[in-house]
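# Results of the structural survey
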Amino acid sequence: MTTLRLRPEGPADTGPVRRVLAAAFARPDVLAPPEVGLVDELRDTDAWIPELAMVAEYGGEVVGYALFTRVRIHHDGGTAPVLALGPVAVAPHRQRVGHGTAVVQAGLDAATELGERLVVVLGDPAFYRRFGFTRADRMGLTSPWSGLGDPWQALVLPPSTSGDDPVPRGEVLFPPPWSRV
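Report follows, based on the coordinates. Residue indices follow the written sequence of each chain, beginning from 1 at its first position. Note on the predicted model: pLDDT of at least 70 is required for a residue's local features to be given, and 80 or more for side-chain atom pairs to be given and counted; whole-chain, interface and lining totals, by contrast, use all residues. Excluding hydrogens and water, the side-chain values take into account all heavy atoms of the structure.

### Here we look at the nonpolar core
By convention a nonpolar core is built from buried Ala, Val, Leu, Ile, Met, Phe, Trp, Tyr and Cys residues, the set being connected through side-chain atoms within 4.5 Å. Accessibility here uses a 1.4 Å probe with only protein chains present; expressed as a share of the type maximum, an area under 20% marks a residue as buried, one over 50% as exposed, and anything in between as partly exposed. If you look at the biggest cluster of nonpolar residues, it comprises 30 residues, and the most contacted ones within it are Tyr 65, Val 120, Leu 141, Val 172 and Phe 174. Where this core is concerned, the elements lending two or more residues are helix H1 (14–24), helix H2 (34–42), strand S2 (53–58), strand S3 (61–75), strand S4 (78–90), strand S5 (118–122) and strand S8 (152–156). Contact between two residues is taken to exist if any of their heavy atoms lie within 4.5 Å; hydrogens are not considered. Setting aside its immediate chain neighbours within four residues, Leu 141 contacts Ile 73, Leu 118, Val 120, Ala 136, Ser 146, Trp 152, Ala 154, Pro 168, Arg 169, Gly 170 and Val 172. Strands here mean DSSP runs of E at least two residues long; helices mean DSSP runs of H or I at least four residues long; both are numbered from the N terminus.

### What to know about the pairing of S5
Burial analysis of S5 places four of its five residues in the buried class, the great majority of the element. Relative to S5, S4 runs parallel, the two being bridged by three bridges. Across the sheet, residue Ala 84 finds its bridge partner in S5, namely Val 120. Whether a crossover is right-handed comes down to one check: with the strands pointing away from the viewer, does the path from the first strand over the helix to the second run clockwise; if it does, it is right-handed. This β-α-β element, S4 to helix H3 (residues 99–113) to S5, shows right-handed connectivity. The sheet contact formed by S5 and S8 spans five bridges and is antiparallel. Along S8, the bridge assignment pairs Leu 122 with Trp 152. Two strands form a pair only when DSSP identifies at least two bridges running between them.

### Quick notes on the packing of aromatic side chains
Any Phe, Tyr or Trp ring, taking Trp's six-membered ring, that has another such ring centre within 6.5 Å forms a pair; planes under 30 degrees apart are called stacked, those over 60 apart edge-to-face, and the others tilted. Within the structure shown, the criterion is met by eight aromatic pairs. Summarising the aromatic geometry, the rings of Trp 145 and Trp 178 are spaced 6.2 Å apart at their centres and angled 70 degrees between planes, so their arrangement reads as edge-to-face. In this pair, Trp 145 sits in the loop between strand S7 (141–142) and S8 while Trp 178 sits in the segment after strand S9 (170–173), placing the two residues 33 residues apart along the sequence. Residue Trp 145 shares its accessibility class with Trp 178, and that shared class is buried. Plain terms: the ring middles of Trp 152 and Phe 174 are 6.3 Å apart, the flat faces sit at 55 degrees to each other, and that makes the pair tilted. Pair noted here: Trp 152 is in strand S8 and Phe 174 is in the segment after S9, with a separation of 22 residues, a long-range link. On the accessibility criterion, Trp 152 (1% relative accessible area) is buried. Counting every residue linked through ring pairs, the aromatic cluster contains Phe 127, Tyr 128, Phe 131 and Phe 133.

### As for the environment of Thr 2
With respect to the element layout, Thr 2 can be found in the segment before strand S1 (4–8). The spatial distance from the C-alpha of Thr 2 to the C-alpha of Gly 15 is 22 Å, given a sequence separation of 13 residues.

### Some remarks on the environment of Ala 26
Take Ala 26: it is sitting in the loop between H1 and H2. Between the alpha carbons of Ala 26 and Leu 114 there is a distance of 33 Å; along the sequence they are 88 residues apart.

### As for unusual backbone geometry
Gly 86 connects to Pro 87 through a cis peptide bond whose omega is 0 degrees. If you trace the backbone, Pro 87 turns up in strand S4. Residue Arg 96 is not a glycine yet carries a positive backbone phi of 70 degrees. Tracing the chain through its elements places Arg 96 in the loop between S4 and H3.

### Here's the deal with the pairing of S3
Summarising burial for S3: 11 of the 15 residues are buried, a large majority. Pairing geometry for S2 and S3, over six bridges, is antiparallel. Within S3, the residue paired with Ala 53 across the bridge is Leu 67. Counting the residues that bridge the hairpin from S2 to S3 gives two residues, and of these Gly 59 lies at a positive phi of roughly 60 degrees. Looking at chain direction, S3 and S4 are connected through 11 bridges and run antiparallel. Bridge pairing in S4 links Thr 69 to Ala 84. Once S3 ends, the chain turns through two residues before running back antiparallel as S4, passing Asp 76 with a positive phi of about 45 degrees. One ladder, built from three bridges, connects S3 with S9; its direction is antiparallel. Pairing of His 74 across the sheet is with Glu 171, part of S9.

Dropping the structure here:
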């Protein structure tokens with residue numbers, strides 16, 4: 001029986017990850033989807049967190065990917081580190097069987113274990129709601145995508161106890177590669 005294996009991306013996964021991203025985000029009007037370049041560029045920045053670049057492997061083939069990178073919230077004259085989720089991709093021949101959900105959940109679990117507190121994402125509310133994401137603007141978070149409404153989302157990661165500092169509010173600042181997507 002073939003099982004899905006979820007793990008951080010390794011050096012040998014760069015090519016397979018590019019192929020999954022290219023296939024999942026393929027459009028007839030572009031040779032290479034911008035998501036492929038985004039991931040390549042983020043690998044060379046301080047935003048890259050190797051433990052949070054998650055792959056889903058099925059039958060020895062990389063079939064899914066979820067990337068969590070460092071972003072910052074500018075608030076009250078300071079900044080707070082949080083995570084951005086994206087891109088998330090599943091190879092077309094393995095979509096709609098739970099691999100996307102599994103690889104995102106693996107990343108959220110790993111982020112929680114690392115002590116991260118907040119994740120932002122721009123994506124389909126119907127998909128991300130299953131993890132507990134809600135509208136980010138309702139949490140006082142803004143970004144270049146705030147005007148899109150429901151797709152601009154955030155999730156406070158557990159554990160959240162009354163002794164924790166409140167989740168920061170403010171403008172989410174993305175590293176430069178994001179401006180090219």
